[in-house]
Amino acid sequence: MTQHNDVISTAAMACSSTESNDSFQLYLPQQHCVPLVFDSPHSGMQLPDDFNTQASLQQLQTGWDAFIDELWAPATALGASVMAARVSRMYIDLNRAPDDIAPQMLDGSWPGVLNPTAYSQRGMGLLRQWSLPQMPMYSAPLSVAAVQQRIQRYYQPYHQRLRQLLEQRYQQFGAVWHINCHSMKSRGNAMNIDAGASRADIVVGNRDGQSADGRFTALVVDSFRALGYNVSLNYPYKGGYLTHCFANRNQHRHSIQIEINRQLYMDEANFCRHQGFTGLQQHLLQVSTILADYIRSQPVVKKGKHHD
Ligand SMILES: [Zn+2]
C-alpha cells in the first residue's frame with residue numbers, strides 16, 4: 001500500500017513540525033500560529049493486519065478521500081494546523097460517533113448503549129457494513145473485543161488530539177475555526193442521499209447555519225466562487241459528526257465541512273492524481289490565505305506574542 005500520507009509538499013514541511021502515530025499525522029506550524037485547524041478523517045489508506053474484510057482494494061479505495069491532506073497541507077505555512085487520519089475509513093470511520101454501530105455488525109452484546117444513526121442504517125456507521133451497494137464488507141459479524149481495539153487504537157487518539165489542539169488554540173486566541181476536509185465522488189451512489197446526481201465542485205456544510213458564523217461561511221463560499229468553482233451549501237453534505245463535535249458559535253468555536261469533487265484533481269477510476277491537482281492545491285492555499293487573514297482581523301481574536 002502506498003503510504004501517501006508520508007508524502008507532503010516540501011513547502012509545507014519547511015514551515016511545520018510533525019507528530020505521527022498509528023492513528024494520525026499532525027502538521028503544526030512553527031511560526032505565526034493562527035487559530036485555524038484543518039482535519040482530514042478519511043484520507044488515510046492504511047489497512048491494519050486484523051482488517052478481515054472481503055472487499056477488494058478497489059472497493060476500499062472508493063471510500064478514500066485520496067490526497068485531501070496533501071491538498072490542504074500548504075496551509076501550515078500560513079500558521080494553520082493540518083491533521084490527517086492514517087487508517088482507512090472502511091476499517092473505522094473517525095467522522096462518526098463511537099456508538100453509531102448497527103447491532104447486527106457485532107457477534108456479541110456491546111458493553112453500553114448503542115445509538116445507530118441514519119449513517120448506520122445506510123451501512124455507513126462507525127463500522128462499514130457494505131463497501132459498495134450490495135457488497136458486504138465482512139463474511140461474519142465482528143467480535144466486540146476487536147471493535148473495542150479499533151476504537152482504542154485508532155479512533156480515540158485522533159479525537160483526543162484534535163480536541164486538545166482546538167482547545168489549545170482556543171485558550172491562546174479566545175476563538176477557533178475548524179475545517180473538516182473531505183472529497184466526494186463526482187456522482188453519488190445508492191448509499192448516498194443524492195444517488196445518481198452529478199455534484200457541485202465544492203460542497204460547504206455548516207449544519208444549516210448551526211456550526212459556523214454566517215460571515216465566515218459566506219467567505220468560504222465566495223472565495224471558491226471567485227476562483228470559478230460552483231459551490232453548493234449544505235447539500236448533499238451539511239456537515240458530519242466532527243463538525244458537530246467542535247462547534248459552539250456562542251463561544252466563538254466555528255466548524256465547517258468542505259467537500260471537494262474528486263474529478264477536479266484525480267482519476268476517480270484509478271485513484272491517482274491528474275493534471276488538475278497542482279492548480280487545485282494552489283487555489284486551496286489562496287482560500288486558506290483569505291481565511292487566515294479574516295481570522296487574524298477578528299476583534300475577538302487575542303493579539304499575543306504568537307500573532308504577527
Ligand atoms: Zn470524507
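Position labels on residues start from 1 in each chain and follow its written sequence. With pLDDT at 70 or above as the cut-off, local features in this predicted model cover only qualifying residues; side-chain atom pairs require 80 or more to be listed or tallied, and sums for whole chains, interfaces and linings still use all residues. Side-chain descriptors were evaluated using all non-hydrogen atoms of the structure, hydrogens and water having been removed beforehand.

As named in an unreviewed UniProt entry, the protein chain is N-formylglutamate amidohydrolase, taken from Rheinheimera muenzenbergensis.

1. Observations regarding the overall build of the protein chain
Numbering of helices and strands runs from the N terminus, with a helix taken as a DSSP run of H or I at least four residues long and a strand as a DSSP run of E at least two residues long. Counting secondary structure elements, the protein chain contains eight helices and 12 strands. For a compact globule of 308 residues, the expected C-alpha radius of gyration is about 19 Å, and the protein chain comes in at 19 Å, within 12% of that figure. Projected onto its principal axes, the C-alpha coordinates of the protein chain cover approximately 55 × 40 × 35 Å. Each residue is placed in one exposure class: buried if its accessible area under a 1.4 Å probe, protein chains only, is under 20% of its type's maximum, exposed if it is over 50%, and partly exposed if it falls in between. A burial count over the protein chain gives 56% of its 308 residues as buried. The method behind every accessible area is Shrake-Rupley, applied with a 1.4 Å probe, and residues are considered shielded solely by the protein chains displayed. For the protein chain, the accessible area works out to roughly 12600 Å², and carbon and sulfur atoms hold 49% of it. His residues and chain termini do not enter the charge count, which takes Lys and Arg as positive and Asp and Glu as negative. To locate a charge, take atom NZ for lysine, CZ for arginine, CG for aspartate or CD for glutamate. On the protein chain, the mean spot of the 25 positive side-chain charges and the mean spot of the 24 negative ones are 5 Å from each other. For the radius of gyration, the atoms used are the C-alpha atoms, and the globule rule reads 2.2 Å times the number of residues raised to 0.38.

2. Observations regarding the packing of aromatic side chains
For Phe, Tyr and Trp, rings pair up if their centres lie within 6.5 Å, where Trp contributes its six-membered ring, and each pair is then called stacked (planes under 30 degrees apart), edge-to-face (over 60) or tilted (otherwise). If you walk through the whole model with that rule in mind, you get 10 aromatic pairs. Between Tyr-91 and Tyr-154, the aromatic rings sit 5.5 Å apart at their centres with planes inclined by 90°, giving edge-to-face as the arrangement. A residue pair is termed long-range when its members are at least 10 positions apart, and Tyr-91 in the loop between β4 (81–85) and α4 (118–121) and Tyr-154 in helix α5 (residues 144–173) qualify at 63 residues. Assessed through its relative accessible area of 8%, Tyr-154 is described here as buried. Seen from their ring centres, Phe-224 and Tyr-229 are 6.0 Å apart, and the 80° between their planes marks the pair as edge-to-face. A cation over an aromatic ring shows up here: Arg-96 above the ring of Tyr-119, its NZ or CZ 3.6 Å from the ring centre. It is Arg-273 that lies over the ring of Phe-277; its NZ or CZ is 5.2 Å from the centre. Counted as over-ring charges are cases with an Arg CZ or a Lys NZ within 6 Å of the ring centre that also lie within 35 degrees of the ring normal.

3. Section: the sheet that holds strand β1 (residues 16–20)
Across the sheet, which stays open at both edges, the eight strands sit in the order β1-β2-β4-β3-β7-β10-β8-β9 with mixed pairing between neighbours. Only two strands of the sheet have a single partner each, and these edge strands are β1 and β9 (231–233). Strand after strand, the sheet turns through a mean of 20° between neighbouring axes, direction not considered. For two strands to count as paired, DSSP must find a minimum of two bridges between them. Where strand β3 (residues 36–40) lies against β4, four bridges are found, and the strand directions are parallel. Bridge pairing in β4 links Phe-38 to Val-82. With axes taken as lines fitted to C-alpha atoms, and helix axes fitted only over the stretch in contact, angles between N-to-C directions fall between 0 and 180 degrees.

4. Remarks on the confidence of the model for the protein chain
Averaged over the protein chain, the pLDDT score is 92; the fraction of residues at 70 or greater is 94%. Across residues 1–7 the pLDDT falls below 50, and counting only partners more than four positions away or on other chains, this stretch makes 20 contacts in the model. Per-residue confidence from the predictor is given as pLDDT, running between 0 and 100. We call two residues in contact when some of their heavy atoms are within 4.5 Å.

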